[in-house]
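Survey of secondary and tertiary structure
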Amino acid sequence: MPDQLVLLPGWAFGPAALQPLCQALSEQSPDLEVVVEPLPELADADADAWLDELDRRLPRNTWLAGWSLGGMLATQLAARRGDACRGLLTIASNPCFRARIDWSRAMAENIFDAFHEAFRLDPQETLKRFRSLCSRGGFDPRTLARQLQVSQSQASLEVLDAGLQLLAKLDGRSSLRDYFGPQLHVFGGRDALVPVSAADALGSWMPGVTIEVLADASHALPLERAEEVAGAMLAMISGVRG
């Protein structure tokens, strides 16, 4: 039976945002079955409810991977599943997206809170700004932002608001330590949303995991650097296969 990899997108984006990565993975490893799944569409910001849905919906004994919020949820689910998860792969995903006293390598609290308030006041303009932030630091930010617009989630504003609440409160550090399978965490060197210093912080927190930083890459590295991200992911999977 071929290995299976499940990919989860980031906040405000649908599965289309991960199609470039999915295609790159399939081309580089035709025997790997890649599945891109949407995030739950729940207006409740209860993390357990989101994880319960993912646990019901996603096949077991697969590799779990995700971009940004998708990676944070994949981390929680990997810890929950334990041996029923082949491995964990995250992309531009910080253990804590919003900074806290004991995890400063993240988005400042006041900046996140102002963004959340702006979303509630003018969601469409804030989503446009978010796409710009995702693409900032990339080789061609304007083209990247247009690609992101096409792949934007069609979820309701209530669901998107719940996703922002999850971004604010999720802390994946204990889940990272509770999951004993192989781990790879890929960061963008010019990410405007997840500071590259988070890679060093994670390396200090979890010295046994594999961390890769793609220089000159934005938060949208699954789109703009799909080939390289796929290569890093497949190197991890191949190493485990032996």
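Residues numbered from 1 in each chain as written. Predicted model: local features only at pLDDT ≥ 70, side-chain atom pairs only at ≥ 80, totals over all residues. Heavy atoms only, no water.

Let's shift gears to the sheet that holds strand S4 (residues 85-91). Strand order in the open sheet formed by 6 strands is S2-S1-S3-S4-S5-S6, with parallel pairing between adjacent strands. Each edge of the sheet is formed by a strand with only one pairing partner; in this case those strands are strand S2 (33-36) and strand S6 (210-214). For this sheet, the mean inter-axis angle between neighbouring strands, taken without regard to orientation, is 15°. (Pairing = 2+ DSSP bridges. Helix = DSSP H or I, 4+ residues; strand = E, 2+ residues; numbered from the N terminus. Axes fitted to C-alpha atoms, helices over the stretch in contact; angles between N-to-C directions.)

This part is about the pairing of S2. Along S2, the buried face is formed by Val34 and Val36; none of Glu33 and Val35, which line the opposite face, is buried. Looking at chain direction, strand S1 (residues 4-8) and S2 are connected through 4 bridges and run parallel. Within S2, the position partnered with Leu5 by the bridge is Val34. Crossover handedness for the path S1 to helix H1 (residues 19-28) to S2: right-handed. (Buried < 20%, exposed > 50% of the residue type's maximum accessible area, 1.4 Å probe, protein only. Right-handed = clockwise from strand over helix to strand, strands pointing away.)

To continue, consider the pattern of salt bridges. Under the definition given, this model contains 14 salt bridges. Residue Asp3 pairs with Arg86 through a salt bridge whose shortest N-O separation is 2.6 Å. Of this pair, Asp3 sits in the segment before S1 while Arg86 sits in strand S4; the two residues are 83 residues apart in sequence, bridging distant segments of the chain. Given the relative accessible area of 9%, Asp3 is considered buried. Note on Arg86: relative accessible area 32%, which makes it partly exposed. Measuring nitrogen to oxygen at the nearest pair gives 2.5 Å for the salt bridge that ties Glu228 to Arg225. Residue Arg225 is classed as buried on the basis of its relative accessible area, which comes to 17%. (Salt bridge = Lys/Arg side-chain N within 4 Å of Asp/Glu carboxyl O.)

Read these as layout, nothing more, since geometry by itself doesn't imply function.
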